[in-house]
Amino acid sequence: MPSALHQSSRDLAERLDVLAGRCRVVSRTDLSPSLTEIILMGDAVALAGVPGNDVMLLVDEDASPTRRRFSVREVDPEADTLTLWIATNHEGPAARWARSAPEGSEIDVVGPRGKIPLDESADWHLFVGDVSSLAAFYRLAQSIEVPGRAVFIVELDHPDDALTAPFDEGLGVTGIFVDRGGRAHNDPSGLLGGLAAFALPPDEGHAYLFGEFSVMRVIRTALVDRGLDKARISLKAFYRVGEANGANGEPSKENAA
Ligand SMILES: Cc1cc2nc3c(=O)[nH]c(=O)nc-3n(C[C@H](O)[C@H](O)[C@H](O)COP(=O)(O)OP(=O)(O)OC[C@H]3O[C@@H](n4cnc5c(N)ncnc54)[C@H](O)[C@@H]3O)c2cc1C
């Protein structure tokens, strides 16, 4: 890999005041029709940060290098590894990398990134998104102190994408998996239907909306209309239908409704 690219990763990390690491792909496993798990080794604890954080990968190093962001699903300090769950249900350089990254290959990783930690003051936590958000949702929910409550409303492209996670005994967990049924990724009707099936509890809650740009905005409006305070909603657009993510690893916010 050209050293100028390494240097650009180091410069980026310096600007963001985080770490630039060179990680090795330890394993690559297709977990479901739409999600691939990649385990990376090297500087794992420092790169992975806290629940809610993500890392920035430099993909397509040889042809057209570009950076993409992925939430950390889990970190194993003893093995020095961090785990990512990457959606492969579309065509893009990161999805292609996830489908084919050889074990033993290396990749530039910048992290930790992200500014949405768990709201520890909340009695219940509502996670709304799609397969791309499962890694972040499960790591956040696994950090909820017992007794607490986690509710997941997640739209799936395929029934076998309904991956689960182990949680502490005593945590109240509700999962509503919504079948996309062939609808476009920017069609909010599936998640709105899932949301309608859930009555907001009367005590204090926090909603985490991670997923498609316009869908997440519609869901935020629906939650505000149902009385949830805006300050108790954390929204992060992960991608935007019809557009590749930008150099900052995020979808553009232009022409937002
Ligand atoms: C903070 C943060 C954390 C993220 N964490 C994760 C994570 O843990 N797992 C994960 O899978 N993704 C995650 N994402 C989303 C991921 O970075 C984007 O999906 C990214 O666009 C993928 O890059 P790509 O090169 O495959 O596709 P791009 O080149 O960006 O896009 C190519 C085309 O594919 C479409 N597209 C991109 N992503 C998707 C998708 N998920 N579903 C349907 N269509 C898509 C685009 O609209 C575009 O038309 C995260 C994003 C952010 C900002």
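Keep in mind that this is a model prediction, so the values were computed, not measured. (Residues numbered from 1 in each chain as written. Predicted model: local features only at pLDDT ≥ 70, side-chain atom pairs only at ≥ 80, totals over all residues.)

**Student:** What's the story with the overall build of the protein in this structure? I'm lost.
**Tutor:** From N to C terminus, the protein includes six helices and 11 strands. The C-alpha atoms of the protein give a radius of gyration of 18 Å, which matches the 18 Å a tight globule of 257 residues would have. Sorting the 257 residues of the protein into buried and exposed places 40% on the buried side. By sequence separation, contacts in the protein at least 24 residues apart represent 70% of the contacts at least 6 residues apart. (Helix = DSSP H or I, 4+ residues; strand = E, 2+ residues; numbered from the N terminus. Rg over C-alpha atoms; globule rule 2.2 N^0.38 Å. Buried ≥ 20, exposed ≤ 12 C-beta atoms within 10 Å, placed from the backbone. Contact = placed C-beta atoms within 7 Å.)

**Student:** Looking at this structure, I do not really get the nonpolar core. What am I missing?
**Tutor:** Side chains that are nonpolar tend, in soluble globular proteins, to be buried together. Core analysis: the biggest nonpolar cluster contains 64 residues, and Leu 57, Ile 86, Phe 127, Val 128 and Phe 137 have the highest contact counts within it. Take this core: its biggest share by element is seven residues, from helix H4 (residues 134–141). When residues are assigned to domains, this core turns out to be shared by domain 1 (3–112) and domain 2 (124–239), each giving three or more. Contact partners of Phe 137, with chain neighbours within four places excluded, come to Phe 127, Gly 129, Phe 152 and Tyr 208. (Core = buried A, V, L, I, M, F, W, Y, C linked by C-beta atoms within 7 Å. Domains from an automatic or database assignment.)

**Student:** Would you mind showing me how to read the sheet that holds strand E5 (residues 81–87) here?
**Tutor:** Pairing between sheet strands relies on hydrogen bonds along the backbone, with the strands arranged either parallel or antiparallel. Here we have six strands rolled up into a closed barrel, ordered E1-E2-E5-E4-E3-E6, and antiparallel in their pairing. Sheet twist, expressed as the mean angle between neighbouring strand axes with direction ignored, is 45 degrees. The pairing of strand E2 (residues 35–41) with E5 spans seven bridges and is antiparallel. Within the sheet, the bridge partner assigned to Ile 38 lies in E5 and is Leu 84. The strands touched by helix H1 (residues 3–16) are strand E1 (19–30), strand E3 (54–59) and strand E6 (106–113); relative to E6, the strand with the most contacts, the crossing angle is about 5 degrees. Packed onto the sheet, H4 meets strand E4 (66–76) and E5 and runs at close to 35 degrees relative to E4. (Pairing = 2+ DSSP bridges. Axes fitted to C-alpha atoms, helices over the stretch in contact; angles between N-to-C directions.)

**Student:** Explanation requested: the site of the ligand in the structure shown.
**Tutor:** Taken together, 31 residues surround the ligand, and among them Ala 87, His 90, Gly 92, Ala 94 and Ala 244 come closest. Broken down by element, the shell around the ligand gets its largest block of residues, four residues, from E4. Here the residues of the shell around the ligand sort into 13 nonpolar, 10 polar and eight charged. (Near = placed C-beta within 6 Å. Nonpolar A, V, L, I, M, F, W, Y, C, P; charged D, E, K, R; others polar.)

**Student:** Help me understand the packing of helix H5 (residues 189–196) against helix H6 (residues 213–225) in this model?
**Tutor:** Each pair of packed helices gets described by two things: the angle between the helix axes and the distance between those axes. Between H5 and H6, the shortest axis-to-axis distance is 10 Å and the interhelical angle comes to 25 degrees. In terms of orientation, H5 lies roughly parallel with respect to H6. Considering how the two elements wind past one another, H5 and H6 form a crossing that is right-handed. Contact residues: Leu 191, Leu 192 and Leu 195 in H5; Val 215, Val 218, Ile 219 and Ala 222 in H6. Broken down by class, the residue content of the contact of H5 with H6 amounts to seven nonpolar, no polar and no charged. (Parallel < 35°, antiparallel > 145°, perpendicular 65-115°, else oblique. Left-handed = near helix turned anticlockwise from the far one by under 90°.)

**Student:** Help me understand the sheet that holds strand E7 (residues 124–130) in this model?
**Tutor:** Read across the sheet, five strands follow the order E9-E8-E7-E10-E11 without closing on themselves; strand pairing throughout is parallel. The outermost strands of the open sheet, each flanked by one partner alone, are strand E9 (172–179) and strand E11 (233–239). Here the strands of the sheet are splayed against their neighbours by 10 degrees on average, with no regard to which way each runs. Inspection of the sheet shows E7 paired to strand E10 (residues 205–212) by six bridges, in the parallel sense. Residue pairing across strands places Phe 127 opposite Tyr 208, the latter belonging to E10. Across the face of the sheet, H4 comes into contact with E7, strand E8 (149–156) and E10 while running at roughly 165 degrees to E7. Against the sheet, H6 engages E7, E10 and E11, with an angle of about 155 degrees to E10.

**Student:** Sorry if this is basic, but what is going on with the domain arrangement of the protein here?
**Tutor:** Interfaces are frequently sized by the accessible area removed from exposure as the parts join. Structurally, the protein comprises domain 1 (3–112) and domain 2 (124–239). Contact with domain 1, which involves 15 residues of that partner, is made by 14 residues of domain 2. Examining the composition of the side of domain 1 that touches domain 2, we find that four residues originate from one element, E4, more than from any other. Of the residues assigned to the side of domain 1 that touches domain 2, the class counts are eight nonpolar, five polar and two charged.

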